[in-house]
Amino acid sequence: MNRRVRAVLRKEWEEVFKNGLVLFTMVFTPLLFVVMGVGTVGGTGMATRGAPPMSQAEAAELRKLAGEQCAGLDGAACLDLYLGTLMLLLFMMLPLILPTVFAAYSVVGEKTGRTLEPLLATPIRTTELLLAKVLAAAVPAVVVTWGGVACYLGGLALLGEGGTARALLSPAWLAAVGVLAPLLAVGGVLAAVIVSSRVNDPRTAQQLSGVVVMPLAMVLVGQSMGLFIVDAAMVGVAVVVMVVLDLALAWVSVALFDRENVLTRWKGA
Amino acid sequence: MIETRRLTRRFGELLAVDRLDLDVARGECLGFLGPNGAGKTTTVRMLCALIAPSEGSARVAGHDVVREADQVRRKVGILTETPGLYDRLSARRNLELFGELYGVDDVAGQVRRYLALLGLWERRDDPAGTFSKGMRQKLAICRALLHEPPILFLDEPTSALDPEAARLVRDFVGELKSQGRTIFLCTHNLEEADQLCDRVALFRNRLLVVDTAASLRHQTYGRQVEVRLRELRPEHDAAVRALGLPVELAAVGATLRLRADDPDAITPAVVRALVLAGAEVQAVTPIEHSLERVYLEIMGGQP
Ligand SMILES: Nc1ncnc2c1ncn2[C@@H]1O[C@H](COP(=O)(O)OP(=O)(O)OP(=O)(O)O)[C@@H](O)[C@H]1O
Ligand SMILES: [Mg+2]
């Protein structure tokens, strides 16, 4: 990373984190997810522990929803794992939601503050500027996501759900959180950057780029209805798709951040 | 230091800059004057390698603005039309960022130097958003100078400033000029151009004229001299006309206004004739036309 990228990166963090709304979103959303996750899984766990075991019919119904992952587990453990993965899917939304907010404020802020022209008058390269913007938004989002997942699993262990937490640390989920999450974050930033170049209100930019969460939300719904479950193969496919998508979005963004484009075709710059 | 050859820029149908041919010498300050929408900012953007010409070419500091854009950017400092500061960052951090981007060796030292020079050192840690317009403009000027560019583009540096702040900025530009920097100054303020610039270019989508302010005045109005008398009587006027010199006469109250190509050659004879005709001469004054009149005259004639 060269001097110019570092300089812009530092500026981004200093500037955007002084925005209360961005900071609030970055802190509050993961906190909410941790509370929800630990509450749901830990709560049901505690409720089922003293209760009589599930009926045969109930267990069969659950198995249909939860599928493969429940192999060899009793009814209560299966329910915990089923809920546990759903909540983990919720955490996968963080790398999409958080950087979009950051990038929307960052790019729209540059436009309304008219700071892009002096910035582009320097010898910075378009790719360097974009790289700095992407890192600035994606790195904190990924760190927060990992922190959130760690708190979630730690919270489960504390509530006596250590078994569930360990089961959630499957290779598929490790890959999802470790590899797919950063790829999602990069895609989210780039989408937000592209949208932000077209609108002049950060909230609009944020809402428009918020649609990137939709496919993931569909996965969540699909899994909760037992249509499929996230497994290693699925994560693998998602990783490949995201790599291709990220490259395509990066290509569009680099063209969009070209000086000529920014100064003559961007709305409001 | 700046050479443009048929430099042209279109925005769709609109011809913003039309075949501009201009040369600015090293150390020269050129005033670039023109009404709103004349294409001044567009010209500056092309010369700073921010947008590309549609046709024609330009060299700045010896580098082609298209093929050697990066070198051009390193050699020029630009004060953009709006200061464009990061309002949440302190004055110092605003400058440090640009010092890094321009690859300045001693960023902290340069930042300190310019903040002090423009009287902002005491406020260095305050967010730029809390600054007054004049302070913002000064901070933007610091930003343009950190990398010690030999060529400066100033796009309306004193517009929107109160007279005192404007004077401060103007004096500072004068100082930059005396350091030998080449300055390209876009302005609506004709006094400013008159004071600071070696030559002025009048521009409205195309170059109308470029010359020294003094020469423009003479070309437009000829040179004039006013002779104030205690009392102007018909025989005074007649006495001057009787000389048969190449001079135009106009009477305004008790003042006789002479207009000639070379007033220095004619004035002594005129004054002598007046005195001999019994006129009491109180004052003989050369008239300087304001650049504003010249500007309006030339712009008015060029729709
Ligand atoms: N990105 C753009 N797209 C379309 N037209 C543009 C664009 N930028 C400038 N123009 C047009 O080009 C012309 C010249 O604009 P420019 O901003 O260069 O004028 P200016 O001389 O700087 O005016 P002012 O004194 O108001 O700053 C104007 O008619 C303007 O509308
Ligand atoms: Mg302008």
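Reference entry: report on the structure contained in this document. (Residues numbered from 1 in each chain as written. Chains lettered and ligands numbered in written order. Predicted model: local features only at pLDDT ≥ 70, side-chain atom pairs only at ≥ 80, totals over all residues. Heavy atoms only, no water.)

1. Regarding the nonpolar core
Among the nonpolar cores identified, the biggest contains 168 residues, and Tyr152(A), Phe153(B) and Phe184(B) are the most heavily contacted of them. Considering every element that reaches this core, the biggest residue donor is helix α9 (residues 171-196) of chain A, with 14 residues. Aside from chain neighbours lying at most four places away, what touches Phe184(B) is Ile2(B), Leu22(B), Leu30(B), Phe32(B), Thr43(B), Val44(B), Leu47(B), Leu152(B), Phe153(B) and Leu154(B). Core analysis: the next-biggest nonpolar cluster, separate from the first, contains 13 residues, Val225(B), Leu256(B), Val270(B) and Leu274(B) among them. (Core = buried A, V, L, I, M, F, W, Y, C linked by side-chain atoms within 4.5 Å. Buried < 20%, exposed > 50% of the residue type's maximum accessible area, 1.4 Å probe, protein only. Helix = DSSP H or I, 4+ residues; strand = E, 2+ residues; numbered from the N terminus. Contact = heavy atoms within 4.5 Å.)

2. Here's the deal with a nonpolar patch on the surface
There is a patch of nonpolar side chains on the surface, built from Phe24(A), Phe28(A), Leu32(A) and Met36(A) and spanning about 370 Å² of accessible area. In this fold, Phe24(A) is placed in helix α2 (residues 20-50). (Patch = residues over 30% accessible without salt bridge, like charges linked within 9 Å, V, L, I, M, F, W, Y side chains within 5 Å. Areas by Shrake-Rupley, 256 points an atom, 1.4 Å probe, with all protein chains shown as cover. Salt bridge = Lys/Arg side-chain N within 4 Å of Asp/Glu carboxyl O.)

3. Some points on the coordination of the magnesium ion (ligand 2)
Residues and elements named next belong to chain B. For the magnesium ion (ligand 2), the protein coordination sphere consists of Thr41 (OG1) and Glu81 (OE), at 1.9 to 2.3 Å. Of this pair, Thr41 sits in helix α1 (residues 40-47) while Glu81 sits in the loop between β6 (76-79) and α3 (91-101), and the two are 40 residues apart along the sequence. Given the relative accessible area of 16%, Thr41 is considered buried. Residue classification places Glu81 among the partly exposed residues on the basis of a relative accessible area of 42%. (Donors = N, O, S within 2.8 Å, 3.2 Å for Na, K, Ca; no water.)

4. A short note on the sheet that holds strand β2 (residues 14-24) of chain B
All names here are of chain B. The antiparallel open sheet is built from four strands, whose spatial order is β2-β1-β4-β5. Looking at strand neighbours, the two that pair on one side only are β2 and β5 (63-64), the edges of this open sheet. In the sheet, strand β1 (residues 2-11) pairs with strand β4 (residues 55-60) via five bridges, with the strands oriented antiparallel. Its bridge partner being in β4, Thr8 is matched across the sheet by Glu55. Against the sheet, α1 touches β1, β2 and β4, its axis set at about 120 degrees to β1. (Pairing = 2+ DSSP bridges. Axes fitted to C-alpha atoms, helices over the stretch in contact; angles between N-to-C directions.)

5. Focus: the site of ligand 1
The environment of ligand 1 is made up of 16 residues, and the closest members are Gly37(B), Lys40(B), Thr41(B), Thr42(B) and Glu81(B). Around ligand 1, the nearby residues trace back to chains A and B. Within the side chain of Lys40(B), one N or O atom sits 2.7 Å away from an oxygen atom of ligand 1. Residue Thr41(B) places a side-chain N or O atom 2.7 Å away from an oxygen atom belonging to ligand 1. Protein contacts shield 69% of the accessible area of ligand 1, which totals 630 Å² for the unbound molecule. (Near = heavy atom within 4 Å. Polar contact = N/O pair within 3.5 Å; in protein donor to acceptor, adjacent residues only side chain to side chain.)

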